[in-house]
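# Geometric and topological summary
Next come the chains, spelled out residue by residue.
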Amino acid sequence: MNKTNPKIMPVMMAPRARATDPIRLKAWHGAALAAFVVLVSIPAFAQADGARDSVFTALARWMPLLLKGFIFNVVISISAMAIGTLAGAALGLGQISLSSWVRKTSWFVTQFFRNAPWLVLLFFAMFLLPFELRIGGIIIPLPDYLKAIIGLSLPVMANVSEIVRGAVVSLPSGQWEAAESLAFTRTQVLWRIILPQCVKRMLPPWMNLYSILTMATVLASIVGVSEVMTLTGQVLAAEGGRTDLLLPIYSTVLLMFFIYCYPIARLTLRLEKKFAVKT
Amino acid sequence: MINKFLKGLTTAVALGAFAFAAVPAQADVLDDIKERGVLRVGVKADYKPYGFRDTSGAIIGIEPDLAQDVADKLGVAVEFIPVVSSNRMQFLEQGKVDLMIATMTDKPDRRKVVSIVDPNYYSSGTNILAAKSFGFTAWEDLRGKPVCGIQGAFYNKKTGRDFGANIVAFKGTAEAYAALQAGNCVGFVYDDSSIIASLAQPQWSDYEMPLPTIDDAPWGLAVKLGEEGFNTLMSEMIVEWHKSGRILELETKWGVENTPFATAMNAKYQ
Amino acid sequence: MEAIYEWFRLLYDNTGINLPFIYDSYDRGRMISGFFMTVKLSVLCLVLSVIIGMAGAWLQNSPLKWTRRIVNGYIQLFRNTPPLVQLYFFYFAIGTMLPKVTNDWGGQEPILGGFAWAVISLSFFAGAYNVEIFRSGLEAVPDSTVEAAEALGFSRFHIYKDITLPLAIRVALPALNNNLVNLVKTTTLAYAIAVPEMLYEANQIWSDNVNVTEMMVFMLLVYFVLVGVLVWGMNRWERALKIPGFGA
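Residues numbered from 1 in each chain as written. Chains lettered and ligands numbered in written order. Predicted model: local features only at pLDDT ≥ 70, side-chain atom pairs only at ≥ 80, totals over all residues.

## What about the overall build of chain C?
Rule in force here: Starting at the N terminus, helices and strands are each numbered in turn, a helix being any DSSP run of H or I of at least four residues and a strand any DSSP run of E of at least two. Note that the radius of gyration is over C-alpha atoms, with the globule rule given as 2.2 Å times the number of residues to the power 0.38. In this scheme every C-beta is placed from the backbone, and a residue whose C-beta has 20 or more other C-beta atoms within 10 Å is buried, one with 12 or fewer is exposed, and one in between is partly exposed. We call two residues in contact if the C-beta atoms placed from their backbones are at most 7 Å apart.
Each helix and strand counted, chain C has 10 helices and two strands in total. Secondary structure elements of chain C, listed N to C terminal, follow the sequence α-α-α-α-α-β-β-α-α-α-α-α. Here the C-alpha atoms of chain C give a radius of gyration of 23 Å, more than 25% beyond the 18 Å that 2.2 N^0.38 yields for 248 residues. With the principal axes as the frame, chain C shows a C-alpha extent of 75 × 50 × 30 Å. Every one of the 248 residues in chain C was classed for burial, and the buried ones make up 47%. For chain C, the proportion of contacts with a sequence separation of at least 24, taken over those separated by at least 6, is 72%.

## Examining the interface of chain A and chain C
Interface size is often expressed as the accessible area that is lost when the parts come together. The cut-off we apply is this: For this classification, Asp, Glu, Lys and Arg are treated as charged, while Ala, Val, Leu, Ile, Met, Phe, Trp, Tyr, Cys and Pro are nonpolar and the rest, including Gly, are polar.
In this complex, chain A contributes 42 residues to the contact, which on the side of chain C involves 45 residues. Secondary-structure elements contributing two or more residues to the side of chain A that touches chain C are α4 (118-128) and α9 (246-278) of chain A. Broken down by element, the side of chain A that touches chain C gets its largest block of residues, 10 residues, from α9 of chain A. Partitioned by chemical class, the residues of the side of chain A that touches chain C number 33 nonpolar, seven polar and two charged.

## Topic: the sheet that holds strand β3 (residues 51-53) of chain B
Residue and element names in this part refer to chain B. Going by this rule: For two strands to be treated as a pair, DSSP must find no fewer than two bridges joining them.
Spatially, the three strands line up as an open sheet ordered β2-β3-β4, and their pairing is antiparallel. Looking along the sheet, the strands with just one partner apiece sit at the ends: β2 (46-47) and β4 (59-60). Sheet analysis places β3 next to β4, joined by two bridges and oriented antiparallel. The residue of β4 that forms the bridge with F52 is I60.

## A short note on the sheet that holds strand β1 (residues 38-44) of chain B
Residue and element names in this part refer to chain B. Basically, it comes down to this: An axis is simply a line fitted to the C-alpha atoms; with a helix, the fit covers only the stretch in contact. Between two such axes, the angle follows the N-to-C directions and lies from 0 to 180 degrees.
Taken together, five strands build an open sheet; the order of strands is β5-β1-β6-β14-β7 and the sheet is mixed. Edge positions in the open sheet fall to β5 (77-83) and β7 (115-116), since each of these has one partner strand only. Direction of pairing for β1 relative to β5: parallel, over a ladder of seven bridges. Looking across to β5, one finds that V41 is bridged to F80. With respect to the sheet, helix α3 (residues 62-74) is in contact with β1, β5 and β6 (99-100), its orientation differing from that of β1 by roughly 165 degrees.

## A word on the confidence of the model for chain B
For the record, the criterion: Along the chain, pLDDT gives the predictor's confidence residue by residue, from 0 to 100.
Residues of chain B with pLDDT of at least 70 account for 90%, and the chain-wide mean is 83. Confidence over residues 15-26 of chain B falls short of pLDDT 50; this stretch has four contacts with residues more than four positions distant or in other chains.

## Focus: the interface of chain B and chain C
Listed by partner, the interface residues are 26 residues for chain B and 28 residues for chain C. Listed by contribution, the elements that provide at least two residues to the side of chain B that touches chain C are α1 (2-20), α4 (88-94), α6 (155-161), β10 (166-170) and α7 (173-182) of chain B. Counting residues per element, the side of chain B that touches chain C draws most heavily on α1 of chain B, which supplies six residues. When the residues that make up the side of chain B that touches chain C are grouped by side-chain class, the tally is 14 nonpolar, eight polar and four charged.

## Describing the domain arrangement of chain B
All names here are of chain B. Which entries qualify depends on this criterion: Each domain span listed reflects an automatic or database assignment of domains.
Under the domain assignment, chain B is made up of domain 1 (29-121 + 220-268) and domain 2 (125-216). Between the C-alpha centres of domain 1 and domain 2 the distance comes to 25 Å. Taken together, the 13 residues of domain 1 in the interface contact 14 residues of domain 2. Residues of the side of domain 1 that touches domain 2, tallied by class, amount to four nonpolar, five polar and four charged.

## Quick word on the environment of D28 of chain B
When you line up the elements, D28 of chain B lands in the loop between α1 and α2 (29-36). Once the C-alpha coordinates of D28 of chain B and E227 of chain B are considered, the two residues, 199 residues apart in sequence, prove to be 6.5 Å apart.

## Quick look at the packing of helix α2 (residues 55-95) of chain A against helix α3 (residues 100-115) of chain A
Residues and elements named next belong to chain A. Operational definition: Note that the term roughly parallel is reserved for angles under 35 degrees, roughly antiparallel for angles over 145, roughly perpendicular for angles of 65 to 115, and oblique for everything else. Note on convention: near helix rotated counterclockwise from far helix by under a right angle means a left-handed crossing. Clockwise means right-handed.
Their axes nearest at 7 Å, the elements α2 and α3 cross at an angle of 130 degrees. In terms of axis orientation, α2 runs oblique to α3. The handedness of the crossing between α2 and α3 is left-handed. Contacts from L91, G94 and Q95 in α2 reach V102, R103, S106, W107, V109 and T110 in α3.

## Some points on the nonpolar core
To keep it simple, the criterion reads: Each nonpolar core reported here comprises buried Ala, Val, Leu, Ile, Met, Phe, Trp, Tyr and Cys residues connected via C-beta atoms within 7 Å.
The biggest cluster of nonpolar side chains holds 216 residues, and the ones touching the most others in it are V120, L122 and Y250 of chain A, L99, V147 and F188 of chain B together with V85 of chain C. Looking at which domains feed residues into this core, each of domain 1 (29-121 + 220-268) and domain 2 (125-216) of chain B gives three or more. Here V120 of chain A is in contact with T188, L199, M216, M219, L220 and Y223 of chain C, once residues within four sequence places are set aside.

## Concerning helix α4 (residues 65-79) of chain C
Residues and elements named next belong to chain C. Here is the rule we go by: In this scheme, a helix's expected span is set at 1.5 Å multiplied by one less than its residue total. Each C-beta atom gives one direction from the helix axis, and the arc is the one those directions make.
Across its 15 residues, α4 extends 21 Å between first and last C-alpha, which sits within 8% of the 21 Å expected from 1.5 Å per residue. Listed as buried for α4 are R68, V71, N72, I75, Q76 and R79. All buried residues of α4 fall inside an arc of 130 degrees around its axis, so they share one side.

## Quick word on the pairing of strand β9 (residues 146-150) of chain B
Residues and elements named next belong to chain B. Counting buried residues in β9 gives five out of five residues, a clear majority hidden from the surface. Neither face of β9 is left uncovered, since the one carrying P146, C148 and I150 and the one carrying V147 and G149 both have all their residues buried. Direction of pairing for β9 relative to strand β11 (residues 187-191): parallel, over a ladder of two bridges. Within β11, the residue paired with V147 across the bridge is G187.

## Describing α3 of chain A
Working note: α-helix, 3.6 residues per turn, so residues spaced by three or four point in the same direction. In this model α3 of chain A runs 22 Å from its N-terminal to its C-terminal C-alpha over 16 residues, within 8% of the 22 Å that 1.5 Å per residue would give. Taken as a whole, α3 of chain A has its buried residues at S106, T110, F113 and N115 of chain A.

## Looking at the packing of helix α8 (residues 156-186) of chain C against helix α10 (residues 212-241) of chain C
Residue and element names in this part refer to chain C. Axis separation between α8 and α10 bottoms out at 10 Å; the angle between their running directions is 170 degrees. Considering the angle they form, α8 stands roughly antiparallel to α10. Across the interface between the two elements, I169, R170, L173, N177, L180, V181, V184 and K185 of α8 pack against Y223, L226, V227, L230, V231, M234, E238 and L241 of α10. In terms of residue class, the contact of α8 with α10 is built from 12 nonpolar, one polar and three charged.

Pasting the structure below:
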């Protein structure tokens, strides 16, 4: 985006710092965070007396359960992303449809789900979907993690729809005209010329969205799905309200998410840079 | 005139709403459970010792033990579904759980929504856990002060509305206990039975349960509205629990002092 | 007024559509205070997060290596962890470690309550995104503009405050717009630490009345109105700031 004018006269300049590269951060950040967790646990460790065990032992005892909970978060995020992407792609194509009725409906649905708070949508899915669906003679059960997936995939769908629309619109209209002059049908233009070029443009925002979704999976705790935050609360209850556990346990949860999301963020940025040069 | 108009409008809306109203299924849930081979029970998972998690993640406690008895009687496996106060009745209504044993107080307005089984299986009242230094003696002392609570508990409204306390409600007990210890609120309004269990622990030695217990109310276990067969079966089970002293036995097993209610019920059915 | 309240009570008796926050004065009071709490929370967080974004973008260009590192560390930490966990972390973990003050009734209470922590936590969360948004806006300012200012002897701070930032804001507005809409929606999280905002009050009401459906529909409508007002305001601002030939 830097626009330098080559015609400008070179002038003496004070040394100016370059805009820093936000992906400069290295793995030491994770290490620093881990060190932080250990550090804050030390005073608590020192306090530990005979009656109750140290923070470390308590944390180690519950670690397998918390990790199991976190894996559940990852499963929820991947499933919601898959459903949301499929539905969102269809909705996004609907937004550029030639039929004004389809276009308007898709636009409305997109805006509706984009502007509602995620938590409210999640409550909606949780309390208003039936626990099982009867289609003909077949009964499809809807356990609450499935409802959470549906609830989270709604905003994902709306955001993917916008990403698709934005990518298609961002291509120069000359592409369409050139293809039409070569007698491609609209479907052919879309599938063979436009969309393949869009994939590159859509990938970084799509990955960004996945990162946001992963972080939103903890919202499922508020509606009672047994993911990592719910389990954290229950672990604290089982330990009988120990305040010395609060800091280490919440730091652990933060760390889990950071370790998972940070590499994704780095990859996204790298892709963004790589594709930015070519287009 | 205006009344007539209002009535007419109401009828119109009523007709509209009727179109959306679901027709409740009339199938007997007992047959479903036996066919499925699994009894799904909604229990608390953050309410030590009535329902909480062990390190493997399994839910244990007094209520899960009671649920296990029911499953044994029906000859099926049991599945525990963790519920919280703000969603337990919805789960039962939706049929996500067949039976709810989740520390729920038996209230007339709740009987309109779910089918609460008679007789009651347990009982507790409402009290607060507060630091001794405050020296509270009456509920009115709470006026204008922040009091922690649990979202979805019925006594929040009463504590807030009648005694003027400023209710700070959290999702689970862990958050509420933490907020109380941090001093974010002056007390924690909760079930007296659970407060007594907490006070036995060393970290609560500077705290007390100072107020007269109010709303001493029985707990109701519940099935879905209209499940008469299951309700009758559960009613027989509860009588059996009281008669055999099963409730007293479980209280001892999980480290709770025998409550007056459980003792009285045991004597009554002898 | 009374006739309207009465009609909603009649509506409940006849149809089961229960809207107690209209006919019940206690619930109505809760709902109204919840609404204003949401507005207050949103406005405070909006202002603070924009200030954090501007300050962060300035510090990111600092000649000091460690200043840049700290700002980048802050951004990565807040962007890659869930805001809900951040909120819990601040309120329960950091909040209990801070010094306490004596309150009106002789108790020791943490120096910062739930509302303060919600404002801090959500502002820093949205602020992390705002820094990046302002940075990309700054990058769009032509180097020649900055060079011209340097030649005229402006200090680094003056260039930022009077020349690059005003131009960057114009470029950054659409992205900022989006992030601020997200922030308003994210204020619902304050519910988890018992800040009595709208969703919290709605939850209290549906717990007492078992009317989840009605409350949920109402919540959605109110948030649409709030977001709509914000988008409208931001669009007006965008138009007011428009400079011919600059920005999209």
